Every structure is written in structure tokens, then in C-alpha cells.
Amino acid sequence: MLEGLLIGLQTAFSLQNLIMVIGGCLIGTFIGMLPGLGPMSIIAIMIPVAISMGDPSAALILLAGVYYGAIFGGSTSSILLNAPGVAGTVASSFDGYPMARQGKAGKALTIAAIASFAGGTIGALLLMVFAPALSSVALLFHSAEYFALMVVGLSAIAAFAGNGQVAKALLMTLLGLIMATVGEGALFNMPRFTMGLMDLQSGFGFITLAMAMFALPEALFLVLKPRDTAGPDNEIKDLRITRQEAKSIAPVIGRQSVQGFFIGVLPGAGATIASFLGYAVERNIAPKKEQEEFGKGSIKGLAAPETANNAACTGSFVPLLTLGIPGSGTTAILLGALIALNVTPGPRLMIDEPQVFWAVIMSMFIGNLVLLILNLPLIPYIAKVLSVPRTFLIPFILFFTLMGAYIGQNNATELLILVGFGICATILKFADYPLAPLLIGFILGGMLEDNFSRSMQLYDGISFIWERPMTLGLLVIAVILVVLPSWRTRRERAKERKARGIAEGD
Amino acid sequence: MALDRWIALVLLGICGIYGYAAWFTMDAGLPPFMQRNPIWPSTFPKVLSILAMGAALVIVLGLEKGEEKIGEIDYRKIWEYNLGQALLLLALMVAYALLLRPIGFIGATAGFLILGSVILGERRWLLMIVVAAIATGGVWYLVSEVLGIFMAPLPAMMRG
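Along each chain, numbering runs from 1 in the same order as the chain's sequence is written. Written order determines the labels here, with chains lettered from A and ligands numbered from 1. Restriction of local features to residues with pLDDT of at least 70 applies here, the model being predicted, together with a cutoff of 80 or more for giving and counting side-chain atom pairs; totals for whole chains, interfaces and linings are based on all residues.

## What to know about the overall build of chain A
Put simply, DSSP H or I for four residues or longer makes a helix, DSSP E for two residues or longer makes a strand, and each gets a number counted from the N terminus. What chain A contains, in helices and strands, is 21 helices and two strands. Computed over the C-alpha atoms, the radius of gyration of chain A is 23 Å, within 12% of the 23 Å expected from 2.2 N^0.38 for a compact globule of 506 residues. C-alpha atoms of chain A, sized along the principal axes, occupy 75 × 60 × 60 Å. Counting every position in chain A, which comprises 506 residues, the buried fraction comes to 57%. Residue pairs are scored as contacts if the distance between their C-beta atoms, which are placed from the backbone, is within 7 Å. Taking all contacts inside chain A whose residues are at least 6 apart in sequence as the whole, residues at least 24 apart take part in 80%. Our radius of gyration looks at C-alpha atoms and nothing else; its globule reference is 2.2 Å times the residue count to the power 0.38. Around each residue's C-beta, the other C-beta atoms within 10 Å are counted; 20 or more make the residue buried, 12 or fewer make it exposed, and counts in between make it partly exposed. All C-beta atoms are placed from the backbone.

Printed below as a string of C-alpha cells:
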């Protein structure tokens, strides 16, 4: 391995490759900030550039830099504007945006940068050590387990089911799942619930829905009730995180790097599920007092999904590099680029072209480091976006939501759907319905149904639930994650009542 | 009845229609080979419709007790907020959606950004025009030229 490391270092530290990493990170960060252009589309756009370079190591290094940059850029828009452009950063806006509204935008971005860095770096370390061994584990997961994994991911909605809100959170999740069934499914080639409209044939667009649920209502609320976003409190004064905060998020980052990485290894699971799962798990194991902070600007709630989605992105390279199986849309595009460069990823990659394999791993370390070094000084300027006068900021937010929905589909009807859903979402927000569960349900719904149907067909019935121990285990975990918090509150309430009873008895 | 229960009632209706479609109309055209499958395209929607109707009923009937709290904006006094501005901006977005194709990206976007600022009370015309021009040109160049996603820049009649 040491030999491999040295080969990698030698390749990655050439001047050309260093420039590639830096350039890739910058391009990724800036384009990634535009909602609607996620890592997948940016990498797809960069492919012609990468292929024309001819050197597979340099091309992969450039693309890896773009990938990391895009993920970080995506988190910036979800933290600052509540406009998550990629499904993987939706969970970051749950706590990141409330932090930005409390005037801690700089701190939130710093935490995001550090968490991303740690997640990416620890992920790369794990990739280096475990890649060969993990490739066989990834194949153990069948559709039944994926279905169970999605159910565990759905338990993240518990974070939004506050006091007297359980039915509302549940209804919103179900509504999200219902919306995911619109259009043509992967397994059944027939349009469902499209009401005969051609525009609904492919279902609702994710970005349209994300913008309509998160960014548009926020912007409308800003219009309805002007708040001083540029007040003196909003100076980006506490950019640094205190020692105490660092201490409290360190274990979160550690746990989520590992968990996120292993979820990323599973083909098809990827960054989105890793971020929701990370959020759900961290919320459930947090102490009672901190648990109530989640969703209102908890630093743990921001660090968890940020770490997990970066670690998962790194993890998704395991099946790509060792088996030649792309686990996500992004890695599928990378696979295409590799094949175009005459490199075939697979079991023989490490033997035939060790310099490619190791150069990718080294470039992950360098990419993460460069991203951190580039972004920490830039954060005050990025956060300044919030101090733009509202007469300019709001039209721009609205314009970006429109742009995001338009670029994805190139269809003006999508914009009307966006405005329609945006109005519905604003009314729902008036009545205190949580909107995040709807989006979680929508994102996970399609995958949930596909995997469930696939396993139903494989087992000709529902028997896979008890015949596959791993499925059963995951489903049990999901039940525990949902039941445990309510059981804990009930017990605490009972204890309080008892204490009060004794006091009154005296 | 509070707004949240009205909304739940509306959602109950939507779920009812959805459920009706799933239970009674969807399976009619199902080809025979699919009928032998253990799972039908309507299986998942059937389960969802029942669960969602249950959750909506819980809210409509007010079975779950929670303290009534007033959110960030009290919808009962909606008239006291800048409702006019919000509605005008929504109308502007609809107009943008309808006009994007006919008058082209550059005209529609610059108009949207300027009018949006005007609705919000900005009156520094020169600044608005400069900002809108830079932003429109920049985004168009990035999306159309750098990224290669086609967006018609000019009005339909000026394109050959």
C-alpha cells in the first residue's frame, strides 16, 4: 500500500494536477451555488474538457475537484437562501438556514466547510483501507435491504413532529410519497395520476418541488414581513466556532463520516439517504435538551448531514473503482468519462493501472484540503450575500428559483407548477405545517416503491421481510427510531407528573 | 375552524380522489401479465391513500391535542402585512413564465429583476438597470455559452 501511496502522491503533486484540483474546486463551488445545477450536471458539462486532456489521472483529478466543489457550493445556497439545489443538501438547510437567520451565517458556513472537509477526508482514508474488502459487502445489499434502508431514512421526519404536530408531519410525509407516485414508475411502464397531462408524464421535478417548498415561501415571508437582514446583529462576527462547539460536534463528525461512508458504498443509496439518515440518527442519540434544538439551528443538526453527504460521495467511489458499478448518477457519468479515456474500472484497475486508482485517492485528500483553504477565507464574502438590500435580494432569490426549475426541465410549464406549489406551500406554512417531511417523502418515495416492488417480484410476495435477516434488522431499527423518542417523552412526562404528585401530596 | 383543519379537510378531499383513482379506476386497463404480479402499480397508492386519509382525519377532527401557537405570520391578520407586494411578485413570476419563450430570456429576465425591485419599493433606476443588465448578461452567458444549455436570448420574431 505504501508503494501505491507514493505513486499517488507523485502523480497528484505534479503542477498540472494541482492546478486541476484548484480549478475544479473553484468551478464546482461557484456553479454549484446556482440551484438547479447539481454535481451531476456540472460533471457532465466538464466531461468534454476532461476527456480532451487525454491523461486519465489528470481528468479524474479535475472531475473529483469539481465534484467536491459542487457539493460544497450546493450547501451554501441551502444554508444562506434555504434553496437546496441538490437532494443531498436538503438536510443541511433544516438547521443551516435557521442558523443563518439568527445571524450566524458565517458560523454555519464554517461548520459546513469543516464538516465537509472531515467527512471527505475520513471517507478517503476509509476508501484507501477498505476499498478492496468492501466491494463484496456492497453486493450483499439487495432491493429488500434498500427498501428497509429507505424506511429508516423516512424516520428522519420525527425531527419535525413536535408537540401536537405528529399528525401534521405524518400527513406531509404521506403527501410527499403520494406526489412521488405521479408519473411513470421505473417498474411499471404506465403513466399514473397524470390526469392526462403530458407535462406530468415524468412526474414532478425534484428541484421545482424543493424550490417551491423551501425557497419560495421563505422569500414570500420576507416580503410579507420585512425583517432587518442587514442589521448590526447580522455582522458576520462569530465566524469562528468556539472550543466548546468544536467539542460537541467532533463526535458527530466522527460518527457520521463512518456511517455516511458505508451508506455511500451501497450502490444506489448515496449522499441523499446518508444525509437524512445522519440527521435522524444524530437527533435520536442527542441528549433531550439538544434534541429540541434540531430544526431550529442546532450545530449538530448541520454538521451531521454535511459530514455524511461528503463521506457518502467518497464512499460511492468504492463500487465504481473496485467493481466498475456506478452507485449514483454522478459516478455513472464518471464511469463514462473513464471509459472514454481508455480506463476500465473494475477488479483489475488496481493491478493494471495502480497510478489511476491511487491518484484518485490522493486527489480526494488534496481536493478536500484545497476546498477548505479556498473557502474559509471566502466565507465572509459569501455570507455578505445576506446583506444585499432586500429590494434586490428578493427578486434575485425568486429569479434563481425560477432558473433552477427551468434549467432542469427546459419547460415553461414547470415555472407555473413552481408558482402554484409555492403558493400552496406558503399557505401550509401559515397553518404551521412542517414542509420538510413532504420533500423527504417525495425524494425517498420513488426509490422506496421501486425497491419494494422489485423485492415483491423477486420473492413473489411479502415474505422477504422475515426471510432476509438484514431487512428485518433495518426495519426494526426504523421502528425503534420512531418509537423511542415518543416513549422517552412519555416517560419523562410520567416522571414529572409523579414528582408533582408527591409534591402536592406533601 | 382554524386554518390547519380547513387545509386538512382539503387534503382529505384530494386524498379521497387519489384513493378513488387508485382503488377503482386504475386497475381497469391492467394487462393480464401484470395482473399475475404480486404487486400492481396501484398497490402502493392504495396503501398511501388510506394512511393519508387517516392522518388528515386526525387533524380535521382535532384528535391530537397540541397548544395553539401563532406562527411567524398570523394569517388572521394577513391584511396588515405587505400582502399586495407578495401578490404582485407572484403575478410577476407567472408573467415571467408565460413570457420567457415569446420575448426571449434577456428581455424577460431584465424586466423581471427591474420590476421585482420596483414592486418592493426601489426607486434608484440607474442602479437597478445596471444590476439587472449585469445579472442577466452574466447568467445568460454562463448557462448558454459556458454550459451549453440553449436559452433563446431574443424575442421570437427576431429569431430567423
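So much for the structure itself; the text now carries on.
## Examining the interface of chain A and chain B
Counting from both sides, the interface comprises 51 residues of chain A and, opposite them, 56 residues of chain B. Of all the secondary-structure elements, those providing two or more residues to the side of chain A that touches chain B are α7 (166-180), α8 (206-224), α17 (390-409), α18 (412-430) and α19 (436-459) of chain A. Each residue gets one of three labels, nonpolar for Ala, Val, Leu, Ile, Met, Phe, Trp, Tyr, Cys and Pro, charged for Asp, Glu, Lys and Arg, and polar for the others, Gly among them. For the side of chain A that touches chain B, the class distribution of residues is 35 nonpolar, nine polar and seven charged.

## A word on the packing of α18(A) against helix α4 (residues 83-103) of chain B
Viewed as axis vectors pointing N to C, α18(A) and α4(B) meet at an angle of 170 degrees, and their least axial separation amounts to 8 Å. Between α18(A) and α4(B), the angle is such that the two are roughly antiparallel. Contacts between α18(A) and α4(B) involve A:A412, A:L415, A:L416, A:V419 and A:I423 from the former and B:L90, B:M93, B:V94, B:Y96, B:A97, B:L100 and B:R101 from the latter. In terms of residue class, the contact of α18(A) with α4(B) is built from 11 nonpolar, no polar and one charged. Lines fitted to C-alpha atoms define the axes, with helix axes restricted to the stretch in contact, and inter-axis angles between N-to-C directions lie between 0 and 180 degrees. Roughly parallel refers to an angle under 35 degrees, roughly antiparallel to one over 145, roughly perpendicular to one between 65 and 115, and oblique to any angle outside these ranges.

## A short note on the nonpolar core
Ranked by internal contacts, the top residues of the largest apolar core, which has 198 residues, are A:L63, A:M150, A:L171, A:M211, A:L402, A:L439 and B:A52. The element contributing the most residues to this core is helix α5 (residues 90-138) of chain A, with 20 residues. Each of two domains, domain 1 (3-66) and domain 2 (81-158) of chain B, supplies a minimum of three residues to this core. Other than its neighbours up to four places away in sequence, A:L439 contacts A:V90, A:G176, A:L209, A:A210 and A:M213. Throughout this description, the term nonpolar core refers to a group of buried Ala, Val, Leu, Ile, Met, Phe, Trp, Tyr and Cys residues whose C-beta atoms join them within 7 Å. Throughout, the edges of the domains are those of an automatic or database domain assignment.

## Here's the deal with unusual backbone geometry
Residue and element names in this part refer to chain A. Although it is not a glycine, D432 adopts a positive phi angle of roughly 65 degrees. Along the chain, D432 turns up in the loop between α18 and α19. If you check the backbone angles, D460 has positive phi at about 50 degrees while not being a glycine. With respect to the element layout, D460 can be found in the loop between α19 and α20 (464-467).

## Thoughts on helix α2 (residues 15-32) of chain A
In this analysis, the expected span of each helix is defined as 1.5 Å times one less than the number of residues it contains. Its 18 residues place the ends of α2(A) 25 Å apart at the C-alpha level, agreeing with the 26 Å of an ideal helix rising 1.5 Å per residue. If you check which residues of α2(A) are buried, you get A:N17, A:M20, A:V21, A:G24, A:C25, A:I27, A:G28, A:T29, A:I31 and A:G32.

## Description of the confidence of the model for chain B
Confidence scores here are pLDDT values: one per residue, from the predictor, ranging 0 to 100. On average, residues of chain B carry a pLDDT of 85, and 91% of them reach 70 or more. Across the whole predicted complex the pTM is 0.79, and at the interface the ipTM reaches 0.90.

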